[in-house]
Amino acid sequence: MKISLNELKNYIKIPAEISDQTLIELIGSRLVEVEEVINLAPKYKGIYIVKVISAEKIPDTHLTLCQVDAGEKTKDFSSSKTVQVVCGAPNVHMGMLAIWIAPGAIVPATYGGENFKLGIRKLRGYESNGMLAAIDELDLGACHTGIAEIDPKTAQPGDDFAAAFDLNDTILDVENKSLTHRPDCFGLIGFAREVAGIL
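Before going into details, it helps to say that this report is about the structure given with it. (Residues numbered from 1 in each chain as written. Predicted model: local features only at pLDDT ≥ 70, side-chain atom pairs only at ≥ 80, totals over all residues. Heavy atoms only, no water.)

1. Structural notes on the sheet that holds strand β2 (residues 34-39)
Where we set the bar: A pair of strands is considered paired only if DSSP assigns at least 2 bridges between the two. Secondary structure counts use DSSP, requiring at least four H or I residues in a row for a helix and at least two E residues in a row for a strand, with both numbered from the N terminus. A fitted line through C-alpha atoms serves as each axis, taken over the contacting stretch for helices, and the angle formed by two N-to-C directions is quoted from 0 to 180°. Should any heavy atoms of two residues lie within 4.5 Å, those residues are considered in contact.
Strand order in the open sheet formed by three strands is β1-β11-β2, and the pairing between neighbours is antiparallel. Edge positions in the sheet fall to β1 (2-4) and β2, since each has one partner strand and no second. Geometrically, the sheet is characterised by an average inter-axis angle of 20° between neighbouring strands, direction not taken into account. The sheet contact formed by β1 and strand β11 (residues 170-174) spans three bridges and is antiparallel. The partner of Lys 2 across the bridge, within β11, is Asp 173. Contacting β2 and β11, helix α2 (residues 20-30) runs over the sheet at an angle of about 160° to β2.

Okay, here's the thing in C-alpha cells:
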C-alpha cells in the first residue's frame, strides 16, 4: 500500500518539531513496516506552467513553433519575454496553459531509469528549449494524444508544476502483510487515525 505524506497531513496535524524522517521512523517502529520511501520532488524539478503566446505551424512538418511565457522563470532561459519551444503535439494552440520541461530537467517518465535530460537542440532548423509535455511523459498516466492542457483557474505562467499540483510529496510504500490484523488501517483515514494516536 502506498501512503502520501501530503494526504496524511490533510487529516492530522503534525507537530512542528517532528520532521518527515522522524514521522516515517515512528510509523515504521509502531505501526507498519515501511519498505520504501519515495521522494517525488526531484522527479519534477525544473518543470513549470507556461502560457503559449504563439503557435505557428512549421511548413511541411507536423511540428509547431511556439513562443511560451514562463512568468518570472522566462528570464532564466531567454533574453526576450518568451522562450522558443518546438512542439509535435496536434493540440498545441495559442493561449493555452501547458507544462514545460525546461532545459536541464529530466523527463519524469524516464526518472530513475535512463534519466533523459532535456537540453537546447535544433528540430528542422529551429531551436527548441526543452519540451511541452504530455501526461505519459510526466509519468502521470498513459495518455499521449497531445500535450497536457492546464485549467487557468488552477495555475499561472511561471508556477512550479510540482508545487501547483502537490507533487512535492513523499510516498511511503508500506508492507501490506504487516497490516493483516489491522483492516482499520487499510484506508487513508484509518491509517491517519492510527498515526494521530502514535503522535
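And the narrative resumes.
2. With respect to the pattern of salt bridges
To be explicit about the condition: By convention in these notes, a salt bridge is any Lys or Arg side-chain nitrogen within 4 Å of a carboxyl oxygen on Asp or Glu. Working definition: with a 1.4 Å probe on protein chains only, accessible area under 20% of the residue-type maximum means buried, over 50% means exposed, and in between means partly exposed.
Considering all chains together, one arrives at seven salt bridges under this definition. Between Asp 184 and Arg 182 there is a salt bridge whose closest N-O contact spans 2.7 Å. For the salt bridge of Glu 194 with Arg 182, the shortest nitrogen-to-oxygen distance reads 2.8 Å. A residue pair is termed long-range when its members are at least 10 positions apart, and Glu 194 in helix α5 (residues 188-198) and Arg 182 in the loop between β11 and α5 qualify at 12 residues. Relative accessible area serves as the criterion here: at 23%, Glu 194 is assigned to the partly exposed category. Residues participating in the shared-partner salt-bridge network are Arg 182, Asp 184 and Glu 194.

3. What to know about the pairing of β11
β11 sits mainly inside the fold: five of its five residues count as buried. Burial along β11 is two-sided: Thr 170, Leu 172 and Val 174 and Ile 171 and Asp 173, pointing in opposite directions, are all buried. Two elements, β2 and β11, share five bridges in a ladder whose sense is antiparallel. Bridge pairing in β11 links Ile 38 to Ile 171.

In short, geometric facts, not functional conclusions.
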